[in-house]
Amino acid sequence: MIFSPALNQLPSWDQLCSLSTSLGRGRISDLFKTDPDRTARFTFSDVGLTLDLSKQLLDPDILTTLCKLAEQSQLTEGIAQLFSAEQVNFTERRAVLHMASRFGASSAPLEQAQAMTNFSQMEAFANTFHAGMMRGASGHPLKYVVNLGIGGSDLGPRLVVQALTAGGKNPVARVYFVASVDPADLAEVLAELDAAQTLFIVSSKSFTTPETLSNAMAAKEWLVRELGVTPADTMKHFVGVTNDFSAASEFGIPETHIFSLPNSVGGRFSVWSSVGLPALLAIGVDRFREFLDGGREMDTHFSSAPFATNLPVLMALVALWNGQFLNIESLAVLPYSHALRGFPGYLQQLEMESNGKSVMHDGQALAWHTAQIVWGAAGTNGQHAFHQLFYQGTRRCCIDFIVPTNEGKTDAHRALVINARAQAQALMEGQTLEKSADILRKQGLSDKEVARLAPHSVARGNQPSSSLLFSSLTPKTLGALIALYEHKTFVLGWLWGINSFDQFGVELGKTMARSLQGTAHA
Ligand code: F6P
């Protein structure tokens, strides 16, 4: 197992520090003036995605130096290690093989075989379910699905179902998601459902997460009340997705209804595995396969493309440049797509739970920043909520615009694309005091009024953004998009020298809750 050398000891680190000092005071819009081919030079495409970095505050020299930094970090070896059976999750002594779940390149035959077995079990289950051959305690066919899970056992399948059944696209099966321990979450869903026809998926890698177990118990009690059957009979309405078979069996779920989630698949990387079962039930086996295909094609791109045109590597290097060298703490992910409204929330776990760390692999405190604060919302909604801060606030923020460019032919579809482009342009250009004064003068205001009001219309501009463009949101595009950010997350963790695959920090909160629960009952 090898690790990247300390980031600030790499030959290109000091050069990037001095480049950021000089260019950091520059303006993105000036870079277009001096390079008419800038858009083409900073646009990269593969696997159906186009990444436009031209509105980032960097020039060809900086991008080349960032790629050199990646080479110097031994990233090529790091990527090979990720796809091998090495224990890349070195604190929990586990391999990291979510790529095997999408049958991606991997030199881990055992995990490959397990992934194939898991998928064929899911496929057989889905075919039985879709054929109405799965019967509940009262003999009725089960047709509604409620996924009970949280974090990685919720966000991934929830995103896939929301994205691929948006706009009224008919799901093959109607799937609901409950994550919160607040009884209101489950109650809202159950109020709409007929208990006799409802299947619950208890999705928990550990099968110890309190929120999920609380909801599973409440679901069982609901079935007993509604159907007038014994708790044991309700088990016809349950499926388990977990790494802990015995815990799921102890809950009462029959072994034939328990799907395995291998330890080598981390929760926030698990949508491709049996955690994706609710998505497979909602969109059907063929479209789920297409989803896996998209992720696998991104694996191939990531493990073979030169860094200078490698989409995950470029996104990671730009994030490093913005977060470390330009000291921009926040990344807003703005999908101009109602279907992708859940993507910012998904990325919060993927990026912040993976890279919200501050200790190197050798236990030393880090001498550099790690994960940015990731947030966002669908456009154009955000334009009427928080974009004001981008224009005239005191804080800098970098932005990922995610834009399906050909989702439909209506004026409304065109408005989404136009607004995404307009925002990227306006946030780059801003508005000068002279321009603000000129607008007011043309409205006939006196010089005194112009002088008083013009400063209030100035927009600083120079907010860096990337645009990720694709024609339309298909299962394959969605798979490629998610895998792109997974590999971006890995590259950043590699460069920072941290473990992107554990999450000891969150255990503290759980322990505190347990101790308070103890006193609460006292
Ligand atoms: O507490 C964080 C976490 O462990 C996530 O990493 C995970 O996705 C989530 O909780 C749910 O865990 P489980 O799938 O074991 O219920």
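Note that the coordinates shown come from a computational prediction; the quantities given were computed from them, not determined experimentally.

## Description of the site of the ligand
- The environment of the ligand is made up of 14 residues, and the closest members are Ser 153, Ser 204, Ser 206, Thr 209 and Glu 353.
- Gly 152 has a polar backbone atom sitting 2.7 Å from an oxygen atom of the ligand.
- A distance of 3.2 Å is found between an oxygen atom of the ligand and a side-chain nitrogen or oxygen belonging to Gln 349.
- Here the ligand, which alone exposes 390 Å², has 87% of that area covered by the protein.
- Of all the secondary-structure elements, those providing two or more residues to the shell around the ligand are helix H15 (343-355) and helix H21 (504-521).
- Looking at the shell around the ligand, its residues break down into two nonpolar, nine polar and three charged.

## Structural notes on the pairing of strand S4 (residues 174-178)
- Counting buried residues in S4 gives four out of five residues, a clear majority hidden from the surface.
- The pairing of strand S3 (residues 144-148) with S4 spans five bridges and is classified as parallel. Paired with Val 145 across the bridge in S4 is Val 175.
- In this view, the connection linking S3 to its parallel neighbour S4 by way of helix H7 (residues 155-164) has right-handed handedness.

## Focus: helix H13 (residues 285-304)
- When the terminal C-alpha atoms of H13 are compared, their 29 Å separation across 20 residues agrees well with the 28 Å that a helix rising 1.5 Å per residue should span.
- Among the residues of H13, those classed as buried are Val 285, Phe 288, Phe 291, Leu 292, Gly 294, Gly 295, Met 298, Asp 299, His 301 and Phe 302.

## What to know about the sheet that holds strand S7 (residues 258-260)
- An order of S4-S3-S5-S6-S7 is seen for the five strands of this open sheet, with the pairing classed as parallel. Here the strands that pair on one side only, and so sit at the sheet edges, are S4 and S7. Put simply, the sheet's adjacent strands are angled 20 degrees from each other on average, direction ignored.
- Set on the sheet, helix H9 (residues 210-227) makes contact with S3, S4, strand S5 (198-203) and strand S6 (238-242); between it and S5 the angle comes to about 160 degrees.

## Here's the deal with the packing of aromatic side chains
- Applying the stated criterion across every chain yields a total of 24 aromatic pairs.
- Measuring from centroid to centroid gives 6.4 Å for Phe 343 and Tyr 346, while their planes differ by 10 degrees, and the two rings are stacked. You can see Phe 343 and its partner Tyr 346 sitting in helix H15, three residues apart, about one turn around the helix.
- What makes Phe 343 buried here is its relative accessible area of 0%.
- By relative accessible area, Tyr 346 is classed as buried at 3%.
- In this structure an aromatic cluster arises from ring pairing among Phe 103, Phe 119, Trp 272, Phe 288 and Phe 291.
- In this arrangement the basic side chain of Arg 38 is found over the ring face of Phe 42, its NZ or CZ atom lying 4.3 Å from the centre.
- The ring of Trp 272 carries the charged tip of Arg 102 above its face, separated from the ring centre by 4.3 Å.

## Points about the sheet that holds strand S2 (residues 49-52)
- The strand order across the open sheet formed by six strands is S1-S2-S11-S10-S8-S9, and the pairing between neighbours is mixed. Looking at the sheet topology across the chains shown, the edges are occupied by strand S1 (43-46) and strand S9 (373-375). Each adjacent strand pair in this sheet contributes to an overall mean axis angle of 15 degrees, direction not counted.
- Pairing geometry for S2 and strand S11 (residues 465-470), over three bridges, is antiparallel. In the strand pairing of S11, Thr 50 is matched with Leu 469.
- Sitting on the sheet, H15 is in contact with strand S8 (330-335), S9 and strand S10 (398-404), with an inclination near 160 degrees to S9.

## Focus: the domain arrangement of the protein
- When cut into domains, the protein gives domain 1 (9-88 + 290-429 + 463-502) and domain 2 (108-283).
- Relative placement of domain 1 and domain 2: their C-alpha centres are 33 Å apart.
- Taken together, the contact between domain 1 and domain 2 spans 27 residues of the former and 16 residues of the latter.
- A buried area of about 1,900 Å², summed over both sides, lies between domain 1 and domain 2, and 70% of it is on carbon and sulfur atoms.

## A closer look at the pairing of S3
- A large share of S3 lies buried, amounting to five of its five residues.
- Of the two faces of S3, the one holding Tyr 144, Val 146 and Leu 148 and the one holding Val 145 and Asn 147 are both buried throughout.

## As for the state of the cysteines
- Within the structure shown, the criterion is met by zero disulfides.
- In this structure Cys 397 is a free cysteine whose sulfur lies 5.9 Å from that of Cys 398, the closest cysteine sulfur available.
- For Cys 397, a relative accessible area of 3% corresponds to the buried category.

## Let's talk about the environment of Thr 209
- In this fold, Thr 209 is placed in the loop between S5 and H9.
- Here Thr 209 falls in the buried class, since its relative accessible area comes to 15%.
- Expressed as a C-alpha distance, the spacing of Thr 209 and Lys 55, which sit 154 residues apart in the sequence, is 42 Å.
- Aside from chain neighbours lying at most four places away, what touches Thr 209 is Ile 150 and Ser 204.

## Brief notes about H15
- A rise of 1.5 Å per residue sets the reference length of H15, with its 13 residues, at 18 Å; its end C-alpha atoms lie 18 Å apart and thus fit the reference within 8%.
- Residues of H15 that are buried include every one of Phe 343, Pro 344, Tyr 346, Leu 347, Gln 349, Leu 350, Glu 351, Ser 354 and Asn 355, and no others.
- Residues of H15 that are buried make contact with H7, S8, S9, S10 and helix H20 (475-496).

Here is what the cut-offs are and how they apply
Every chain's residues receive numbers from 1 upward, in the order its sequence appears when written. Given that the model is predicted, a residue must reach a pLDDT of at least 70 before its local features are reported, and side-chain atom pairs must reach 80 or more before they are shown or counted; all residues, however, enter totals for whole chains, interfaces and linings. Note that water and hydrogens are dropped before the side-chain values are worked out from all heavy atoms of the structure. Here a residue counts as near a molecule or strand whenever at least one of its heavy atoms sits within 4 Å of it. Between N or O atoms, a polar contact is any pair within 3.5 Å; within protein, one atom must be a potential hydrogen donor and the other a potential acceptor, and residues adjacent in sequence are included only when both atoms are from side chains. For every accessible area listed, the method is Shrake-Rupley and the probe measures 1.4 Å; residues are considered covered only by the protein chains on display. For helices the rule is a DSSP run of H or I covering at least 4 residues; for strands it is a run of E covering at least 2, with both sets numbered from the N terminus onward. Following the grouping adopted for this structure description, the nonpolar residues are Ala, Val, Leu, Ile, Met, Phe, Trp, Tyr, Cys and Pro, the charged ones are Asp, Glu, Lys and Arg, and the polar ones are all others, Gly among them. Only protein chains enter the accessibility calculation, which uses a 1.4 Å probe; a residue whose area is less than 20% of its type maximum is buried, one above 50% is exposed, and one in between is partly exposed. Should DSSP find at least two bridges between two strands, the strands are taken to pair. Place the viewer so that the strands point away; then a crossover is right-handed whenever the path from the first strand over the helix to the second strand goes clockwise. The span one expects for a helix is its residue count, reduced by one, times 1.5 Å. Orientation is described by lines fitted to C-alpha atoms, with helices fitted over the stretch in contact, and by angles between N-to-C directions that extend from 0 to 180 degrees. Note on contacts: a residue pair is in contact if any heavy atoms of the two residues lie within 4.5 Å. Pairing of aromatic side chains requires ring centres within 6.5 Å, counting the rings of Phe and Tyr and the six-membered ring of Trp. Pairs whose planes differ by under 30 degrees are stacked, by over 60 edge-to-face, and all others tilted. A ring has a charge above it when a Lys NZ or an Arg CZ is no more than 6 Å from the ring centre and no more than 35 degrees off the ring normal. Boundary definitions for the domains trace back to an automatic or database domain assignment. Using a 1.4 Å probe, buried area is obtained as the accessible area two parts lose upon being combined, added over both of them. The disulfide criterion used throughout: a pair of cysteine sulfur atoms within 2.5 Å.

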